[in-house]
Amino acid sequence: MTSLNDTAARRGSPHNRARRSMLLAAALCLAAIGADYASCAEGQVQLHDVMPTSGIMFNHTDGGSGKLYVMEPMTGGLALFDYDGDGDTDIYFLNGAPLKGSPLRGNAVANQPKNALYRNDGGIRFTDVTEQAGVGDTGYGLGVTVGDYDNDGDPDLYLNNFGPNILYRNNGDGTFTDVTEQAGVADGDQVGAGTNFLDIDGDGDLDLFVSRYLIFSYDMEAAQTALTGYRVQSGPQSYPRVGNSLYRNNSDGTFTDVSHASGIRSHEGHGMGSICLDFDNDGDTDICVANDQCPNFLFQNDGTGRFEEVGLESGLAYDINGNTQASMGIGCGDFDHDGWLDLYMTSYELELATLYQNTGDGFFDDVTRLTRAGVGTLERVTWGCDFVDFDHDGNKDLFIACGRIENYIKESDHSMSYDEPNTLLMNTGDGQFVDVSADCGDGLDVNLCSRGAAFDDLDNDGDIDVVILNWRQPPTILRNDTVSDNHWIRIRLRGTKTNRDGVGAHVKVVAGDLSQVAEVHSGRGYQSHYGMDPHFGLGKHDRIDRIEVRWIGGGVDVLENLPVDRLITITEGSSSPTQ
Amino acid sequence: MGTVHHQFEHREEAVEWWQRTLQRNPRRADIYFGMATVAAEEEEYEKAIELCRKAQEIDPDLPEVEHRLAEALAAMGRPEEVIEVLDRSDRNSPNASEDYYLLGQSYLQLRQYDLAAANYEKALSLRPSYTNACYGLATALTRMKQREKAAQYHEKFEELRAADLQAVKYALGNRAKRVDTDLDHAIHVVAKTRADAGQIYRGHGWLYEAEQHWLRAAALDPRNLTSRQGLVELYRRRGQHEEALELCRQLTKIAPHMALYHLNTGVLLAQMQRFDAAEQSLRKGIELAPKRTPGYHSLLQVLMYGTKDFSQAKLVAEQLVELEPTAGSYTILSEACHHDNDLPGALAAIGRATELDPDSERLKSVQKWLQEEETKKAP
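None of these values were measured; they are calculated from a predicted model.

We now examine the overall build of chain B. The helix and strand tally for chain B stands at 21 helices and 0 strands. Across its three principal directions, the C-alpha atoms of chain B cover 85 × 65 × 35 Å. Here the contacts in chain B between residues at least 6 apart in sequence split such that 45% fall between residues at least 24 apart. Taken as a whole, chain B presents about 19800 Å² of accessible surface, with 51% of it coming from carbon and sulfur. One finds the centroid of the 49 positive side-chain charges in chain B at a distance of 2 Å from the centroid of its 59 negative side-chain charges.

Right, here's the structure in full:
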C-alpha cells in the first residue's frame, strides 16, 4: 500500500538516513570482523534472498508425467504489475498443468495446479489473492503479458498457454473477468511462448502479438534416448515450425486476426521470448522473436501494421559465426548510451548468451566477445534476462537466470548440476561487462533451476529488485540492498491520445553528460512482463536537465530541470510531471 | 600419458602428467601447447594465451600454436591482437582457412568491412563449403551496402547450412559406425603416445629406444608427424640419408602445406649433393612460408655452391635483405653480386653491411678487397 513517496529519496529523507546507517554498519562490519571489503563496499550490488519472509507459497509444477513432453522444461514466465493500482508491484506466477499421463490429470479443478496472483502489501510481504481476483487459470502457462487493451485505466492480463490462451480484463476493483471468447484471442490450441501488447498502427489502442513454439500433438514421440543412455526431451527440431499470431484491436473489446495480412504468419519458427521495440527509431514498434534452434525474427513495421522480416539482413537471425542458437529470452536496453536499443538473447549450454549492439543504421553487431557480455554463460542454459541498472551508476547491467532442462544431467555428467546459480554482469561503463555474481550477497548463491526473471521496485525504495520463477520449485525474490549515493528516476507514462500506459513510447533522459533512452514494453525477457515504468540510474547527477518522451505516433513532450530520486508521472501533452 | 588423458577428455589428469613432464624438461613447447589447449577448453583464455606464448618462445615453429593463440585472443574479444598474431603467421598451417576466418571475424568486429570481406573470401577459396565464412562474407558485404552480392552469399549460406544440418542428421543416423571410429581413435591415441615416448627417450639420449617407439608409432598411424620428424633427425645425424629422405617425402605428402617439411627435404637433398631437387624443395618451402628466412639461407647455399646459378642467388639474396636487413644478409648479397660479376652491386651491399656492423674487421677487409678489385678493373 506504500506508494513511492515523492519525498522519500530526497537527501535527508528516511531512505537516505537508512542508507547512511547501512554505510555505518558496513564500516563497523569491516572494523569488527575484518570482513571481505568487497562484500560490504559502497556501490557493490547486494541482492538478498527474501523469499522465506515474503509470504509467497507458490510452487511451480510442469505437469510432467515422465513422458518428457517438449513444453515441460519451457514453463514459464511471470508478470510484475500493479493490478490494484495501489502503488506497489504485485506478482503473477504462471504454472504448468497436468499433461497426458500425469497423476494430477482428471483431478477436481479445485485441486489442479493454477497460476497465482500475489498482492504486495508493502515491505516485500505478499498475500495470495488468486481466488478473489479470479485469475487462477488452470491452463498450461508459458507466456504472459500485461497491457490496458481497453484503455480504461487498469492493467489487463493475457496468458499464452499450451492450449487455449486467456485474456483477463481487469474490472478495476481488484477482480478480473475472462473475456477471451468475446475478444477472440484464444489463438487456437497451440504451444505458446512470449506475448506482447503493442500498438502496430498508431491508432491509440493496444494490439496483441502471440508467439508460438511449435506444432505438437500427444501422438508425436516425446522423448529420445541421448548418447548418455538417458531419456531426454526431444528438441524443437523434432517438431514442425509454426507461424506466430497478430491480433488488431478493434477498439470495441474485440480483436481481428491479422497474422496473414500483416506478414507475420509468413515466417515459421520456434518462438520463445519476444519483445516489441522501435529498433530503427522511426517512431513505430517492431517485433523481435527469439527462436529456439532456428534463426531469430526481426519484424520491421512499416508504420501501418505491415511487417517485413529482416532478421538475416540486420544480423540478428544468427550469432557472429552464422550459427543459430537455442534462443530463449530477450533483454532490451541501451547499454552503450548511443541512443539505440540493444538486445541480449539467452540460449542453451555451449552457446554464449549473445549481446547484439544496435549500430543505428539498421544492423546489429554481435559484440558478445568484445564486451565480455557472455562470460559465465557458455556452460549454462540461460533464460530470463535483462538490462537493469542495479547500482544507479547510469550503466545498465545484465542479469541472467540460469537452469538446466535435463532431469538426469547429474547422473550422466558428474561435472554438471541440474540447479545452477544465476549470473550478474556489471556494466563498467566503458563497453565491458564483468561477472560479479560471487560478490553480490546471498541472492546469487541461490542454486535453483530458473526460467522467467522479472525486474521492478518491489519495496518502493527506488532500486530494482528481482523475482524469478524456478522450474518445479518455489520462486526466488531478491531484494536489492545496494548501498549507494547514486541518484535515480522512475518515469510512469500516461497516454491520452495514445494507449493509456504509453506502451511503445520512447523516453530519453539527459543529466549532465549522461544521456539514456528506454522504451515502455509490454512483454519482455523470457515470456514474462515487468518494468512498465522506465527506470534510470543517474550516477552522481542530482538534477535532470531534460526528459523527452516520444509517444507512438510521433508526439513529443519535453520536460526540463527536474529533481531526482523519485517516481514521476508524465501525461501525454503535458510539460510538467506529477509526482 | 598426458596426451592419452587429454584424448579421453580427462583434462585434470592430462595437466598433472604434463606438469610432471615439464619438471623433467621445462623446454617442451608441445607440452605448453597441450596445456594451452586444455585451458582454452575450460574457457581460461588468459591462461591459454600465456601458455601459447610460452610454447612459441621455446619453439617458434611449433605447428598450430599461432592458431590456438589467435583463437584464445578472439575469445577474449581482442581482435587487434588476433590480427597482429595472424599477420605474422605465414598461413602455412593446416588451419589456414580457419586463420583467414578468424582474421575476417576480427576485421568485422573492428568494422573494417573491406578487409573482413577479403579474408572471408580467402577462407572460402581454401574451403568453399565453409558455412561460417560464407555468413561472415555476407555480413561484411551487407555492411558495405553491396546488397546484391550480399544476397547471393546469404543464399549460399542458407544452402550450406542446410547441407550441414543434413550431414549432422546423417552422422546421428549412423551411430553403428561409431565402433570403427572408436578403433581408429584408439590407434591414433596409441601412436601419439608412442611418438611422445620416443621424444622422452631421445631427450635422455636413449636413441635406440626412441627409434623403436617412433617406428612403431609411424607404423600404427600413417599420418603421425611427430614420429617421422624424430626419425628424420635421427637418421640424418647417423648419415642414413636415404631413410631420412623417405621419411621427409612421407611428411611432405601427409602435410603438403607445412613449409618446414619441404625445407628439411631440401637441406637433406643438398647434403646428398642432389642440388636441383634440393632447390625445388627449398623453393616450395619458401613459397609456403615467404616471411621465414632460414629457407632463403639454405637456398642461397645451394645456388652458390651447388648449382652455381649466381644470377638466381643474387635475386634470392635481394629478397633476403628485404626480409632481414642485417649485416650478414648484406654480406651474402655482396658475395652473390660478386659471383654474378656485379661489382658495383657487391660494393653497395658490403657498404651497407659495414654501416650496420661498423666494428667488424672482417667486413672492412672484404670491403677493402672489393674496392681494390674495382680499382683494378677501372680503365
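Next comes the rest of the description.
Below, the discussion takes up the pairing of strand E35 (residues 487-494) of chain A. Residues and elements named next belong to chain A. The element E35 is extensively covered by neighbouring structure, given that 7 of its 8 residues are classed as buried. The pairing of E35 with strand E38 (residues 535-539) spans 4 bridges and is classified as antiparallel. Looking across to E38, one finds that Arg490 is bridged to His535.

Geometry of an aromatic ring pair is reported as the spacing of the ring centres plus the angle between the planes. Residues and elements named next belong to chain A. Applying the stated criterion across every chain, the model contains 26 aromatic pairs over all chains. Plain terms: the ring middles of Phe93 and Tyr118 are 6.0 Å apart, the flat faces sit at 75 degrees to each other, and that makes the pair edge-to-face. One end of the pair, Phe93, is in strand E3 (residues 90-93); the other, Tyr118, is in strand E4 (residues 116-120), with 25 residues separating them in the sequence. Using a relative accessible area of 0% as the deciding quantity, one classes Phe93 as buried. Overall, Tyr118 belongs to the buried group, its relative accessible area being 2%. When the centroid spacing of 5.6 Å and the interplanar angle of 90 degrees are considered together, the rings of Phe162 and Phe216 count as edge-to-face. You can see Phe162 sitting in strand E7 (residues 156-162) and its partner Phe216 sitting in the loop between strand E11 (207-212) and strand E12 (223-225), a full 54 residues away along the chain.

On to the packing of helix H5 (residues 65-75) of chain B against helix H7 (residues 96-109) of chain B. All names here are of chain B. Closest axis-to-axis distance for the H5/H7 pair is 11 Å, and the angle between their directions is 30 degrees. In this view, H5 runs roughly parallel relative to H7, as classed from their interaxial angle. Where H5 crosses over H7, the handedness of that crossing is left-handed. Residues His67, Ala70, Glu71 and Ala74 of H5 form the contact with H7, whose own contacting residues are Glu98, Asp99 and Leu102. Here the contact of H5 with H7 is composed, by residue class, of 3 nonpolar, 1 polar and 3 charged.

Residues and elements named next belong to chain B. Helix length check: helix H2 (residues 11-24), at 14 residues, gives a terminal C-alpha distance of 20 Å against a target of 20 Å (1.5 Å per residue), a fit within 8%. Considered for burial, the residues of H2 that qualify are Ala14, Val15, Trp18, Thr21 and Leu22. Projected down its long axis, H2 carries its buried residues within an arc of 120 degrees, all on one side. Exposed and oriented more than 90 degrees from the buried face of H2 are Glu12, Gln23 and Arg24.

What follows is about the interface of chain A and chain B. With 25 residues of chain A at the interface, the matching set in chain B holds 23 residues. Both faces combined, the contact of chain A with chain B buries some 2200 Å², and carbon together with sulfur accounts for 47% of it. Counting across the interface, chain A meets chain B through 2 salt bridges. Between A:Asp365 and B:Arg111 there is a salt bridge, and its shortest N-O distance comes to 2.9 Å. One can count 12 residue pairs in polar contact (both at pLDDT 80 or more) joining chain A with chain B.

Residues and elements named next belong to chain A. Across the sheet, which stays open at both edges, the 3 strands sit in the order E38-E35-E41 with mixed pairing between neighbours. Taken across any chain shown, the strands that pair with only one partner, and hence form the sheet edges, are E38 and strand E41 (566-571). Geometrically, the sheet is characterised by an average inter-axis angle of 30 degrees between neighbouring strands, direction not taken into account. Relative to E41, E35 is paired through 6 bridges, and the arrangement is parallel. By the bridge assignment, Leu493 is partnered in E41 with Ile570.

Residue and element names in this part refer to chain B. Applying the stated criterion to the full structure yields 39 salt bridges over all chains. In this structure, Asp342 and Lys314 form a salt bridge, with 3.1 Å as the shortest nitrogen-oxygen distance. With Asp342 in the loop between helix H19 (327-339) and helix H20 (343-356) and Lys314 in helix H18 (residues 310-323), the pair connects residues that are 28 residues apart, well separated along the chain.

With that settled, consider the confidence of the model for chain B. Close inspection of predicted coordinates is inappropriate in any region flagged by low pLDDT. Per-residue confidence for chain B averages 88 on the pLDDT scale, and 95% of its residues sit at or above 70. At the low end of the mean pLDDT range in chain B sits helix H1 (residues 2-7) of chain B, at 74; at the high end sits helix H9 (residues 131-143) of chain B, at 97.

Residue and element names in this part refer to chain B. At a minimum axis distance of 8 Å, the contact between H18 and H19 shows a crossing angle of 160 degrees. Between H18 and H19, the crossing angle belongs to the class labelled roughly antiparallel. Crossing angle aside, the handedness with which H18 passes H19 is left-handed. Each of Phe310, Ala313, Lys314, Ala317, Glu318, Leu320 and Val321 in H18 lies in contact with H19, whose residues at this interface are Ser329, Tyr330, Ile332, Leu333, Ala336, Cys337 and His339. In terms of residue class, the contact of H18 with H19 is built from 10 nonpolar, 2 polar and 2 charged.

Before going further, it helps to spend a moment on the pairing of strand E37 (residues 514-519) of chain A. Residue and element names in this part refer to chain A. The buried count for E37 comes to 5 of 6 residues, which makes it a mostly enclosed element. In this sheet, E37 lies alongside strand E36 (residues 506-511) in antiparallel orientation, the contact comprising 6 bridges. Of the residues in E37, the one forming a bridge with Lys508 is Val517. Adjacent in sequence and paired antiparallel, E36 and E37 are bridged by 2 residues, among which Gly512 carries a positive phi angle near 60 degrees.

On to the sheet that holds strand E21 (residues 307-309) of chain A. Residue and element names in this part refer to chain A. Spatially, E18-E19-E20-E21 is the arrangement adopted by the 4 strands of the open sheet, whose pairing is antiparallel. Edge positions in the sheet fall to strand E18 (271-277) and E21, since each of these pairs with one other strand and no more. With strand direction ignored, the average angle separating the axes of adjacent strands in the sheet is 20 degrees.

All names here are of chain A. Tracing the sequence through the fold places Asp278 in the loop between E18 and strand E19 (286-291). Relative accessible area serves as the criterion here: at 3%, Asp278 is assigned to the buried category. One polar contact links the side chain of Asp278 to the main-chain amide nitrogen of Gly283, over a distance of 2.8 Å. Each residue touching Asp278, except ones within four places of it in the same chain, is listed here: Gly283, Asp284, Asp286, Glu519 and Arg550.

Once that is clear, we can look at empty space enclosed by the protein. According to the stated counting rule, one finds 5 cavities of 30 Å³ or more in the structure shown. Size it by volume and the largest cavity reaches roughly 270 Å³. Lining the largest cavity are 21 residues, and of these A:Phe387, A:Arg524, A:Gly531, A:Pro534 and A:His535 sit closest to its centre. The greatest single-element share of the lining of the largest cavity, amounting to 3 residues, is contributed by strand E26 (residues 382-388) of chain A. Here the lining of the largest cavity is built from residues that sort into 9 nonpolar, 4 polar and 8 charged. The calculated volume of the second largest cavity comes to roughly 140 Å³. Lining the second largest cavity are 14 residues, and of these A:Ile320, A:Asp365, A:Asp366, B:Leu108 and B:Thr139 sit closest to its centre. Class assignment for the residues of the lining of the second largest cavity results in 7 nonpolar, 3 polar and 4 charged.

Moving on to a positive patch on the surface. On the surface, A:Lys67, A:Lys100, A:Arg105 and A:Arg231 cluster together into a positively charged patch. Among the secondary structure elements, A:Arg105 is positioned in the loop between E3 and E4.

Turning our attention to helix H13 (residues 225-238) of chain B. Residue and element names in this part refer to chain B. The first and last C-alpha atoms of H13 sit 20 Å apart over 14 residues, in line with the 20 Å expected at 1.5 Å per residue. Every buried residue of H13 is accounted for by Ser227, Arg228, Gly230, Leu231, Val232, Leu234 and Tyr235. Of the residues that open H13, the one with a side-chain oxygen 3.3 Å from the backbone nitrogen of Thr226 is Asn224. Note on H13: the residue one or two positions beyond its end, Gly239, has a positive phi of about 80 degrees.

Cis rather than trans, the peptide bond between A:Thr75 and A:Gly76 has omega equal to -10 degrees. The backbone of A:Asn281 sits at a positive phi, close to 50 degrees, despite the residue not being glycine. By secondary structure assignment, the location of A:Asn281 is in the loop between E18 and E19. The class for A:Asn281 is partly exposed, based on a relative accessible area of 23%. Unlike most non-glycine residues, B:Arg111 shows phi in positive territory, near 60 degrees. Tracing the backbone shows B:Arg111 in the loop between H7 and helix H8 (113-126).

Rules used throughout
- Residues numbered from 1 in each chain as written.
- Chains lettered and ligands numbered in written order.
- Predicted model: local features only at pLDDT ≥ 70, side-chain atom pairs only at ≥ 80, totals over all residues.
- Heavy atoms only, no water.
- Helix = DSSP H or I, 4+ residues; strand = E, 2+ residues; numbered from the N terminus.
- Contact = heavy atoms within 4.5 Å.
- Areas by Shrake-Rupley, 256 points an atom, 1.4 Å probe, with all protein chains shown as cover.
- Lys, Arg positive; Asp, Glu negative; His and termini not counted.
- Charge placed at Lys NZ, Arg CZ, Asp CG, Glu CD.
- Buried < 20%, exposed > 50% of the residue type's maximum accessible area, 1.4 Å probe, protein only.
- Pairing = 2+ DSSP bridges.
- Phe/Tyr/Trp six-rings, centres within 6.5 Å; stacked < 30°, edge-to-face > 60°.
- Axes fitted to C-alpha atoms, helices over the stretch in contact; angles between N-to-C directions.
- Parallel < 35°, antiparallel > 145°, perpendicular 65-115°, else oblique.
- Left-handed = near helix turned anticlockwise from the far one by under 90°.
- Nonpolar A, V, L, I, M, F, W, Y, C, P; charged D, E, K, R; others polar.
- Expected span 1.5 Å × (residues − 1).
- Arc of directions from axis to C-beta.
- Buried area = accessible area lost by both parts, 1.4 Å probe.
- Salt bridge = Lys/Arg side-chain N within 4 Å of Asp/Glu carboxyl O.
- Polar contact = N/O pair within 3.5 Å; in protein donor to acceptor, adjacent residues only side chain to side chain.
- pLDDT = per-residue confidence, 0-100.
- 1 Å grid on protein atoms, 1.4 Å probe; cavity = no way out; pocket = protein on both sides within 12 Å on 5 of 7 lines; lining within 4 Å.
- Points joined across faces, edges and corners; volume = space filled by probe spheres on them.
- Patch = residues over 30% accessible without salt bridge, like charges linked within 9 Å, V, L, I, M, F, W, Y side chains within 5 Å.

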